[in-house]
Amino acid sequence: MECCRIDMIKHDHYDVIIIGGGPAGMAVAVGASSAGLKRILVLERHPRLGGILNQCIHVGFGLRYFKEELTGTEYAARYKKLFQQAGVEVKTSSFVHKVSDRKQVTFVCPEGELFVSADHIVLATGCRERTREMLTIPGTRPAGIFTAGLAQEMVNIHGILPGKNVVVIGSGDIGLIMARRVVLEGAKVQAVLEILDHLSGLVRNKIQCLDDFGIPLYLQHETLEIIGKDRVEAIRYRDNTTGRENVMACDTLLFSVGLIPERDLLIDAGIDPGDGIHVAGNADYVHDLVDWVTKDGEKLGRSLGNGNA
Amino acid sequence: MKTDVLIIGGGIVGASLAYELAKYRVDIILLEKEAELSFGVSKANSGIVHTGFQSDPGALKTCLAVRGNELYKELAKTLDFPLLPVGELVVAFPGELKGLQRMKETGEKLGIPGLEIVNRNWIDANEPGLSREIQFALLGPTAGVINPYETVYALAEQAAANGVHIYCDHEVTDIQAVVGAWQVQTEKGSFTARYVVNAAGLYADKIALMAGTEVPRIVPWKGEEYLLDRHAEWLTRRVIFPLPRKETKGVLVIPTVDGNTMIGPTAEAVPDCEERSTSRSGKLAVLASVKNLIPAVKEDQIIASFAGVRPTTREGDFHIREDREGFINLVGIQSPGLTAAPAIAEQVCRMLAQSTDLTPKEGYIAGRTAIPRFRLLSNRERNALIKKNPEFGEIVCRCELVTKAEVKEALRRGARTLDGIKFRTRTQMGRCHGSFCTMKIMSIMAEELQRPYDSISKRGKGTEMIKT
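Treat the numbers as computed from the prediction; the structure is a model and nothing was measured.

What counts as what
- Residues numbered from 1 in each chain as written.
- Chains lettered and ligands numbered in written order.
- Predicted model: local features only at pLDDT ≥ 70, side-chain atom pairs only at ≥ 80, totals over all residues.
- Helix = DSSP H or I, 4+ residues; strand = E, 2+ residues; numbered from the N terminus.
- Rg over C-alpha atoms; globule rule 2.2 N^0.38 Å.
- Buried ≥ 20, exposed ≤ 12 C-beta atoms within 10 Å, placed from the backbone.
- Contact = placed C-beta atoms within 7 Å.
- Pairing = 2+ DSSP bridges.
- Axes fitted to C-alpha atoms, helices over the stretch in contact; angles between N-to-C directions.
- Domains from an automatic or database assignment.
- Nonpolar A, V, L, I, M, F, W, Y, C, P; charged D, E, K, R; others polar.
- Expected span 1.5 Å × (residues − 1).
- Arc of directions from axis to C-beta.
- Parallel < 35°, antiparallel > 145°, perpendicular 65-115°, else oblique.
- Left-handed = near helix turned anticlockwise from the far one by under 90°.
- pLDDT = per-residue confidence, 0-100.

Observations concerning the overall build of chain A
Secondary structure assignment for chain A yields 8 helices and 19 strands. In terms of overall dimensions, chain A is globule-like: its C-alpha atoms have a radius of gyration of 21 Å, near the 19 Å expected for 309 residues. By its C-alpha atoms, chain A is 60 × 40 × 35 Å across when sized along the principal axes. Counting all 309 residues of chain A, 51% fall into the buried class. Intrachain contacts of chain A at a sequence separation of at least 6 include 66% that bridge at least 24 residues.

Thoughts on the overall build of chain B
Looking only at helices and strands, chain B features 12 helices and 22 strands. Relative to its length of 468 residues, chain B is compact, with a C-alpha radius of gyration of 22 Å against a globular reference of 23 Å.

Comments concerning the environment of Met465(B)
When you line up the elements, Met465(B) lands in the segment after α12 (438-449). Taking the C-alpha atoms as reference points, Met465(B) and Gly111(B), separated by 354 residues in sequence, lie 50 Å from one another. Setting aside residues no more than four positions away along its own chain, Met465(B) makes contact with Ala143(A), Pro162(A), Met442(B), Ile456(B), Ser457(B) and Lys458(B).

Focus on the sheet that holds strand β16 (residues 244-249) of chain A
Residue and element names in this part refer to chain A. With respect to topology, 3 strands assemble into an open sheet ordered β14-β15-β16, the strand pairing being antiparallel. The strands lining the two open edges of the sheet, one partner per strand, are β14 (221-227) and β16. Strand-to-strand twist of the sheet, defined as the mean angle between neighbouring strand axes without regard to direction, takes the value 25°. With 6 bridges joining them, β14 and strand β15 (residues 234-239) adopt antiparallel strand pairing. When the bridges of β15 are listed, Ile-226 appears paired with Ile-235.

Some words on the domain arrangement of chain B
Taken domain by domain, chain B comprises domain 1 (1-84 + 145-217 + 314-370), domain 2 (85-144 + 219-312) and domain 3 (374-455). With centres defined by C-alpha atoms, the gap from domain 2 of chain B to domain 3 of chain B works out at 32 Å.

Comments concerning the pairing of strand β7 (residues 104-109) of chain A
All names here are of chain A. Note: strand β6 (residues 95-99) against β7, 4 bridges, orientation antiparallel. Following the sheet pairing, Lys-98 is matched in β7 by Thr-106. The hairpin formed by β6 and β7 contains 4 residues between the paired strands, and Lys-103 there has a positive phi angle of roughly 55°. As paired strands, β7 and strand β8 (residues 112-123) are joined by 6 bridges and run antiparallel to one another.

Quick look at the domain arrangement of chain A
Residue and element names in this part refer to chain A. When cut into domains, chain A gives domain 1 (13-126 + 262-305) and domain 2 (129-259). Measuring from the centre of the C-alpha atoms in domain 1 to the corresponding centre in domain 2 gives 31 Å. Contacts between the two partners involve 5 residues from domain 1, matched on the other side by 7 residues from domain 2. When grouped by side-chain class, the residues that make up the side of domain 1 that touches domain 2 number 2 nonpolar, 2 polar and 1 charged.

Examining helix α7 (residues 280-293) of chain B
All names here are of chain B. Spanning 14 residues, α7 covers 20 Å between terminal C-alpha atoms, matching the ideal 20 Å at 1.5 Å per step. Among the residues of α7, those classed as buried are Gly-282, Lys-283, Val-286, Val-290 and Leu-293. Buried residues in α7, looked at end-on, bunch into an arc of 95°, giving them a common side. With respect to the buried face of α7, the exposed residues turned more than 90 degrees away are Ser-281, Leu-284 and Ala-288. On its buried face, α7 sits against β5 (88-92), β13 (218-228), β14 (239-242), β15 (252-255), β16 (261-264) and β18 (302-313).

Observations regarding the pairing of β5(B)
All names here are of chain B. Here β5 lies mainly inside the structure; 5 of its 5 residues are buried. Of the two faces of β5, the one lined by Glu-88, Val-90 and Ala-92 and the one lined by Leu-89 and Val-91 are each fully buried. Of the pairings in the sheet, the one linking β5 to strand β7 (residues 136-140) comprises 5 bridges and is antiparallel in character. Counted as the bridge partner of Val-90 is Leu-138 from β7. Pairing between β5 and β14: 4 bridges, direction parallel.

What about unusual backbone geometry?
Of note, the amide linkage connecting Gly264(B) to Pro265(B) takes the cis form, showing an omega dihedral of 0°. Here Pro265(B) shows up in the loop between β16 and β17 (268-269). The omega angle of the peptide bond from Ser335(B) to Pro336(B) is 0°, so this bond is cis rather than trans. Here Pro336(B) is to be found in the loop between β20 (327-331) and α8 (337-353). One non-glycine residue, Gln220(A), lies in positive phi territory at about 50°. The backbone of Gln428(B) shows a phi angle near 70°, a positive value even though the residue is not glycine. Within the fold, Gln428(B) resides in the loop between α11 (418-425) and α12.

With respect to the packing of helix α10 (residues 404-412) of chain B against α12(B)
All names here are of chain B. Closest axis-to-axis distance for the α10/α12 pair is 10 Å, and the angle between their directions is 50°. Classified by the angle their axes make, α10 and α12 are oblique. Relative to α12, α10 is oriented so that their crossing is right-handed. Note on element contacts: α12 touches α10 through Ile-441, Ile-444, Met-445, Glu-448 and Leu-449, opposite Lys-404, Val-407, Lys-408 and Leu-411. The residue makeup of the contact of α10 with α12, split by class, is 6 nonpolar, no polar and 3 charged.

Some thoughts on the interface of chain A and chain B
Each partner contributes residues to the interface: chain A has 37 residues there, and chain B has 35 residues. Top contributing element to the side of chain A that touches chain B by residue count: helix α4 (residues 148-156) of chain A, with 4 residues. Tallied by class, residues from the side of chain A that touches chain B come to 11 nonpolar, 13 polar and 13 charged.

Topic: helix α1 (residues 12-21) of chain B
Residues and elements named next belong to chain B. Most of α1 is tucked away: 10 of the 10 residues are buried. Listed as buried for α1 are Ile-12, Val-13, Gly-14, Ala-15, Ser-16, Leu-17, Ala-18, Tyr-19, Glu-20 and Leu-21. Looking at the buried side of α1, the elements it contacts are β1 (2-8), β2 (28-31), α5 (148-161), β12 (189-198), β20 and α8.

Quick notes on the packing of α10(B) against α11(B)
Residue and element names in this part refer to chain B. The interhelical angle for the contact between α10 and α11, taken along N-to-C directions, is 115°, at an axis separation of 9 Å. Handedness of the α10/α11 crossing: right-handed. Contacts between α10 and α11 involve Glu-406, Val-407 and Ala-410 on the former and, on the latter, Ile-421, Arg-424 and Thr-425. Classifying every residue of the contact of α10 with α11 by side-chain character gives 3 nonpolar, 1 polar and 2 charged.

Focus on the confidence of the model for chain A
Across chain A, the average pLDDT comes to 95, with 97% of residues at 70 or higher. Scored below 50 in pLDDT, residues 1-6 of chain A shows 12 contacts in the model against residues more than four places distant or in partner chains.

Points about the sheet that holds strand β4 (residues 83-84) of chain B
Residue and element names in this part refer to chain B. In space, the 3 strands of this open sheet follow the order β3-β8-β4, with antiparallel pairing throughout. Edge positions in the sheet fall to β3 (48-49) and β4, since each of these pairs with one other strand and no more. Judged from the 2 bridges that link them, β3 and strand β8 (residues 144-146) form a sheet pairing that is antiparallel. Note on β8: the bridge partner recorded for Ile-48 is Val-145.

Quick notes on the environment of Glu153(A)
Here Glu153(A) is to be found in helix α4. Through-space distance from the C-alpha of Glu153(A) to that of Ile207(A) is 23 Å; in sequence the pair is 54 residues apart. Not counting the four nearest positions on each side in its chain, Glu153(A) is found in contact with Gln55(A), His158(A) and Met439(B).

Pasting the structure below:
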């Protein structure tokens, strides 16, 4: 479902520029349009709208907003219809890499590096996953280490299964979803190891993705070392309830150890939200349901039109 | 296959030699056992172009390092690789001033220019992050930093442009002396050469043995390095050293070419040349040592860690010798080997010139242009590139702002693995550690190299991204 791809943008100054065409960005645009704003531009780095929903082929989306259980891709498709009715200008394959305190954004696209300004700039840039490097887990640097979201892109978009014998480190939702997903594709998941004493993701994901598939969740289990010269061969871990250490063989590690709101554009520019700079969706804080991202985004969008932002 | 000179090893030493020797009318083949050049010792080098004053003044390696330092400036210009002339500072804690003075005298005898002992006022003005305990420091303004792998690729590209044949994934399995030549076996074929130069790094002693020559044994000596986020940009402007100990130069603070600060390395003898794991104890030791130098450094600034193995010998000095006729061993090229490499290449050329005619090559192609680095260009330069090739307008790596055109250019210049692309373009090196770009790069590789996904590897055979 391709969206109104155009070659160049229509104006050099907008009422609102929204960075990111995922669920948050689309919702802000819909809200702003409904409140009467006319010149709205969404800049999306990928060739199509939808953001991370495009790789979420599992169900669990839409119960609150559409009163119906949908997959992520269905949710995106439904919402894109609403979005298109709003008549908002979209520029895809456009990567924003700079925001200035004068409310100017710089973006790169196949037509060039362009500048555009607006009364309001909204970061709807989502979040990124924490990685093995951020935890500085000791050991080797073999092939076979992925974030759960990257594995999701590999399996669901490109149809490739990263490995056959998997350990998931961290019990975030994407990790739980991907544990089930790789099992459905024929891999074995040894376990989900969580350093904390409680699950990080949603309980329903634990039931539907781990319990229903016989995948064990080990709480208070700390990963101590990654083993394997060329390919991951095993991990060494410790059960922090007993202090006992052990080794678990595997050929692939999926990390689901937290999400970081993506706000580097503001951090790099040294600017804070406020005074026409806004943050929406998971770039603001990590929501557990996309439905809330949509509702919050629409509300923020409307407030821009009503002048109370 | 027949050639005049066969170089075994495609690290900084082998590549420097290939580059230097390609100026002359000789046929040259370079064999590398890894999937790409620099993947052995060089890729994990700290990247410092030393002044030379820290090594034993009587040693061969010191002379070569001093000469190498001089050569790098011209080399970086000719081959268009970044060399930042940051300078180095050896810092002294109370009671260590004498050591600094001795070091300065040694350096001056070696002809190293600009050495100066600076006091706390200078430090306050120029390196305010240094610990208050540090009262004096020895400034070596001629030190610099380079990217070791980028330098290897620059040298090798220039060598290849001038006719050097480079074969990666070619591990030498046996060497035989035949009449007037050497026969070198690999699993992918046999090579006959009048001269063989052994620049095999960690395996140089084993290669020497295959040719029946005796050289000092290699003692693999591991070092862990930790890279800090660019938010902590350049904690110091210069390379900072404590006063060196006998076995290593200690834990350093290194401003890298790319604007991150690197701290390390540790120093530990390991039983295995391929032992490149990092450890919690290593990280804590590095942090503790660096905190002595720069109290503000913090653990949560670390964004990446890696380990490399140095090819040291008990003898300590470089072994550069024609140990049998036509067989030249370059063994124990440990620190300051990166600095010395261009001078080692000159030295080997002089050795070869004693028994063969080295006449300058007609039609030698001088100069090379680096892959454009989109992130570092102005708006006007960016738009000029995009106009010529719209793939400069497709961002593949979000953290380092690397474009599809740069990735494709890296492939055109010989990258065959994800690490090879990383080292040439800086994709996968930023804050997201490849979460965003890995699949995009794999798709570009699959398309450009016409290879299935399951053959695409991180750094060569055995490291395929997909386990089938």
